[in-house]
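Topology and contacts: notes
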Amino acid sequence: MPCPSPRRASSAVPAPASSFAVCKRSRPPAPLAEGAGATLAITGATGFLGTHLLQTLSPDRWYLRALSRSGAAFRPDVELVHGSLTDDEALAALVRNAEIVVHAAGLTSARSAAEFDRVNAEGTARLARACLAHAPHAHVLLVSSLAAREPQLSAYAASKRRGEEEARRLLPADRLTVLRLPALYGPHDRATLAFFKAARLPVTPLFTNGNERIALLHGGDAAEAIAGLAALRTAGTFALADAEPAGYSMRTILDEAGRAQGRRTRFVRVPALAMRTAGWGAGAGARLFRTAAMLSPGKVREMLHPDWSVSPADLPPGTKARTLRDGFGETVAWYHKAGWLR
């Protein structure tokens, strides 16, 4: 489960062109809570990480404004801006007079490299230009990925690196935080649910050799770190990880996923060639049917890359995170309660 695990598209995914002009509040914001003041604007609030961010960010501290492509409401105390990263009017309404902008939206599966770039690179550039025009003193926190370290692996990784480069090119260094995340897991996440289901099989496929190092992080811990960095306006480039930034082998991850469900996981080795073949086949099928493939040759290269560890020197100061065992236990309990694991 190397960085990053596939995720659902969030508010970054382009909406039909007819909806782009509808970039106004769909409802008036609720009154500010006592003590709230600084405006924090967020993209990607409908995604997995965004869900945890909205649970973490306190309306007592922030006036919250969020971008929503679908127009779906959040909490009554969050101002809703209807639009997407392709819509300059929506971005202007989102960031206007904001003190903090958290850019958490991103595309993790796409039909082409160009589609990745439109959201992850060009979308970041559009947001940066909106900040310069409408919130010139705002501090911007760009949520990136460890995949940006290895842009040669996939179109996704290359687009995340280009997104970072666009942000650094356009925004002042002292008002920019770039935060590279490892693979995330936790309540509400359907992407890593597959690993918990795999750990329940009579025999679980294992396609790595045990020398790989994969950093992980609970989505709630990622949200806490982002909230802390936003509050401090800490500039620089950082990476996040849990209590073991050196990471885990895939076998350890699946072992812990089984343990969290009261099971002992048994493994069968699957050759890496089989994974590459599966990725090629899935990618060919996606091209044929013009769909976004969750598994692709690039994604397989990410999964087989041996080093998704995080150096302790790259962690933000004061970072805290739960252990893998505690995080997996909480996640499994949530999956059972939600009916996702039976």
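Look up: the structure comes first, before these words.
Residues numbered from 1 in each chain as written. Predicted model: local features only at pLDDT ≥ 70, side-chain atom pairs only at ≥ 80, totals over all residues. Heavy atoms only, no water.

1. Overview of the overall build of the chain
Per the secondary structure count, the chain includes eleven helices and 13 strands. Among the 342 residues that make up the chain, the fraction classed as buried is 54%. Long-range contacts, defined as pairs at least 24 residues apart, comprise 80% of the intrachain contacts of the chain with a sequence gap of at least 6. (Helix = DSSP H or I, 4+ residues; strand = E, 2+ residues; numbered from the N terminus. Buried < 20%, exposed > 50% of the residue type's maximum accessible area, 1.4 Å probe, protein only. Contact = heavy atoms within 4.5 Å.)

2. A short note on the sheet that holds strand β3 (residues 78-82)
Strand-to-strand pairing in sheets goes through backbone hydrogen bonds, with the strands running parallel or antiparallel. Strands sit in the order β3-β2-β1-β4-β5-β6-β11 across an open sheet of seven strands; the sheet is parallel. Bordering the open sheet on either side are β3 and β11 (236-239), each of which pairs with just one other strand. Neighbouring strand axes in the sheet, compared pairwise and without regard to direction, differ in orientation by 20° on average. Set on the sheet, helix α5 (residues 155-170) makes contact with β5 (139-145), β6 (176-181) and β11; between it and β5 the angle comes to about 165°. Packing of helix α7 (residues 219-232) onto the sheet brings it into contact with β1 (38-43), β2 (62-68), β4 (100-103), β5 and β6, and relative to β5 it is tilted by some 150°. (Pairing = 2+ DSSP bridges. Axes fitted to C-alpha atoms, helices over the stretch in contact; angles between N-to-C directions.)

3. Overview of the environment of Leu91
The residue Leu91 is located in helix α3 (residues 88-95) in this model. A relative accessible area of 0% means that Leu91 is categorised as buried. For the pair formed by Leu91 and Leu67, sequence separation is 24 residues and the distance between their alpha carbons is 8.0 Å. Discounting residues that sit within four places of it in the chain, Leu91 has contacts with Leu67, Ser84, Leu85, Arg126, Leu127 and Ala130.

4. A short note on the pattern of salt bridges
In the structure shown here, the tally under the stated rule is twelve salt bridges. A salt bridge links Arg126 to Asp88, with the shortest nitrogen-to-oxygen separation between them at 2.7 Å. One end of the pair, Arg126, is in helix α4 (residues 113-134); the other, Asp88, is in helix α3, and 38 residues separate them in sequence. By relative accessible area, which is 47% here, Asp88 ends up partly exposed. With a closest N to O distance of 2.7 Å, Glu164 and Arg180 form a salt bridge. Remark: Arg180 occurs in strand β6 and Glu164 occurs in helix α5; sequence separation between them is 16 residues. (Salt bridge = Lys/Arg side-chain N within 4 Å of Asp/Glu carboxyl O.)

5. Observations concerning the nonpolar core
Counting 40 residues, the largest nonpolar core has Leu67, Val95, Val101, Leu127 and Val310 as its most contacted members. If you list the elements that add at least two residues to this core, you get α3, α4, β5, α5 and β6. Sort the elements by how many residues they give to this core and α4 lands first, with seven residues. With near-sequence residues (within four places) excluded, Val310 lies in contact with Leu146, Ala215, Ala239, Leu240, Ala241, Pro245, Ala246 and Leu315. Counting residues in hydrophobic clusters, the runner-up holds 34 residues, among them Ile100, Val102, Leu179 and Ala231. (Core = buried A, V, L, I, M, F, W, Y, C linked by side-chain atoms within 4.5 Å.)

6. Some words on the packing of aromatic side chains
Scanning the entire structure with this criterion turns up seven aromatic pairs. Each ring, one from Tyr185 and one from Phe328, has its centre 4.9 Å from the other, and the planes form 90°; the classification is edge-to-face. Here the residue Tyr185 occupies a position in strand β7 (residues 183-185), and Phe328 occupies one in helix α11 (residues 324-338), the gap between them amounting to 143 residues. This pair shows no difference in class: Tyr185 is buried, exactly as Phe328 is. Relative to Tyr335, the ring of Phe196 lies with its centre 5.5 Å away and its plane at 75°, an arrangement referred to as edge-to-face. Here Tyr335 lies in helix α11 and Phe196 lies in helix α6 (residues 193-198), a separation of 139 residues in the sequence. This pair shows no difference in class: Phe196 is buried, exactly as Tyr335 is. (Phe/Tyr/Trp six-rings, centres within 6.5 Å; stacked < 30°, edge-to-face > 60°.)

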